[in-house]
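Report on the structure
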Amino acid sequence: MDKIVIAIDGPAGAGKSTIAKIIAKKLNINYVDTGAMYRALTLKALKNNIDFNDKNSLISLLDKTDIDYYDNHIYLDGKIVDNEIRSNEVSKNVSKVARIKEIRIKLVEIQRKIASNKSVIMDGRDIGSHVLPNADFKFYVTASVDERSHRRYKELISKNVEISLKQVKEEIKQRDEIDKSREFSPLIKSEDAILIDTTRKTVEESVNEILNIIKKGM
Ligand code: CDP
Ligand code: CDP
């Protein structure tokens, strides 16, 4: 295969980005984190004190914003914001930004452009179902909500964030709910996506499961 396109979708904490980054390295292709783009706009909205229920202000903010993703970095107005976009404040609000159709249309345009001329593994919520419907491989990666919450909790605690497991679980459930129920390109498993359940599996086991499928189909 000259050019390979791999789509990975699923809910928060399922292991998408961890798995996708490893596979990108092994196959020597580009990794694209689409969630980082929605997070970058959310970060800018927080910095500008924009009300997350004010759809028009969020749309016009994007008009004045430059978002790009390359070489494993997310750029907001030309500046790398890899760490800032992972704050819990961004996580709590990002789904409210991502549910706006006009914002999705613009960011999807950037995502398709990135994938147009090179091999990519792209992760998000609507990659196989909407952004790259002709992807060579589509995976829907998931895990139980308890396991996903526990993974996120461990990450936050290691960064000294004061939060309880119960709170993390509530926030993940709320975000899943908004992502799955939004009108425009919600989180769904497209029919042709292969289901990968990472519950009680190590990262290595999940990566190997996906790599074996890719290698067989190449
Ligand atoms: O890493 P985590 O799973 O917590 O989230 P993410 O991949 O960084 O995505 C953050 C949020 O962006 C998601 O909860 C969605 O609301 C939104 N998103 C989306 O709507 N569509 C995508 N293709 C990627 C992310
Ligand atoms: O991108 P997504 O939100 O789906 O998940 P992530 O940001 O990759 O976070 C998943 C976390 O669970 C990371 O800390 C991984 O080390 C861990 N993990 C995993 O990804 N896969 C497993 N099979 C087991 C643990």
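What counts, and where the lines are drawn
Residues numbered from 1 in each chain as written. Chains lettered and ligands numbered in written order. Predicted model: local features only at pLDDT ≥ 70, side-chain atom pairs only at ≥ 80, totals over all residues. Helix = DSSP H or I, 4+ residues; strand = E, 2+ residues; numbered from the N terminus. Rg over C-alpha atoms; globule rule 2.2 N^0.38 Å. Contact = placed C-beta atoms within 7 Å. Pairing = 2+ DSSP bridges. Axes fitted to C-alpha atoms, helices over the stretch in contact; angles between N-to-C directions. UniProt positions renumbered as here; feature names shortened; annotations may be inferred. Buried ≥ 20, exposed ≤ 12 C-beta atoms within 10 Å, placed from the backbone.

1. Regarding the overall build of the protein
- When helices and strands are counted, the protein shows nine helices and eight strands.
- Computed over the C-alpha atoms, the radius of gyration of the protein is 17 Å, within 12% of the 17 Å expected from 2.2 N^0.38 for a compact globule of 218 residues.
- Overall size of the protein, expressed as C-alpha extent along the three principal axes, is 50 × 40 × 30 Å.
- Nonlocal contacts in the protein, meaning residues at least 24 apart in sequence, comprise 75% of its contacts between residues at least 6 apart.

2. With respect to the sheet that holds strand 1 (residues 5-9)
- Taking strand neighbours across the sheet as the criterion, the five strands line up as 2-6-1-7-8 in an open arrangement whose pairing is parallel. The two strands at the open ends of the sheet, each matched to only one other strand, are strand 2 (30-33) and strand 8 (194-197). Averaged over all pairs of adjacent strands, the angle between strand axes in this sheet comes to 20°, irrespective of strand direction.
- In the sheet, strand 1 pairs with strand 7 (residues 137-142) via four bridges, with the strands oriented parallel. By the bridge assignment, Ala7 is partnered in strand 7 with Lys138.

3. Quick look at the UniProt feature "binding site: ATP" (unreviewed entry) in the protein
- The UniProt record marks Gly10, Pro11, Ala12, Gly13, Ala14, Gly15, Lys16, Ser17 and Thr18 with the feature "binding site: ATP" (unreviewed entry), using the residue numbering of this structure.
- In this fold, Gly10 is placed in the loop between strand 1 and helix 1 (16-27).
- Setting aside its immediate chain neighbours within four residues, Gly10 contacts Lys16, Tyr140, Val141 and Thr142.
- With respect to the helices, strands and loops of the structure, Gly13 is situated in the loop between strand 1 and helix 1.
- Exposure remark for Gly13: the 24 C-beta atoms within 10 Å place this residue in the buried category.
- Contact partners of Gly13, with chain neighbours within four places excluded, come to Arg148, Ser149, Arg151, Arg152 and Ile172.

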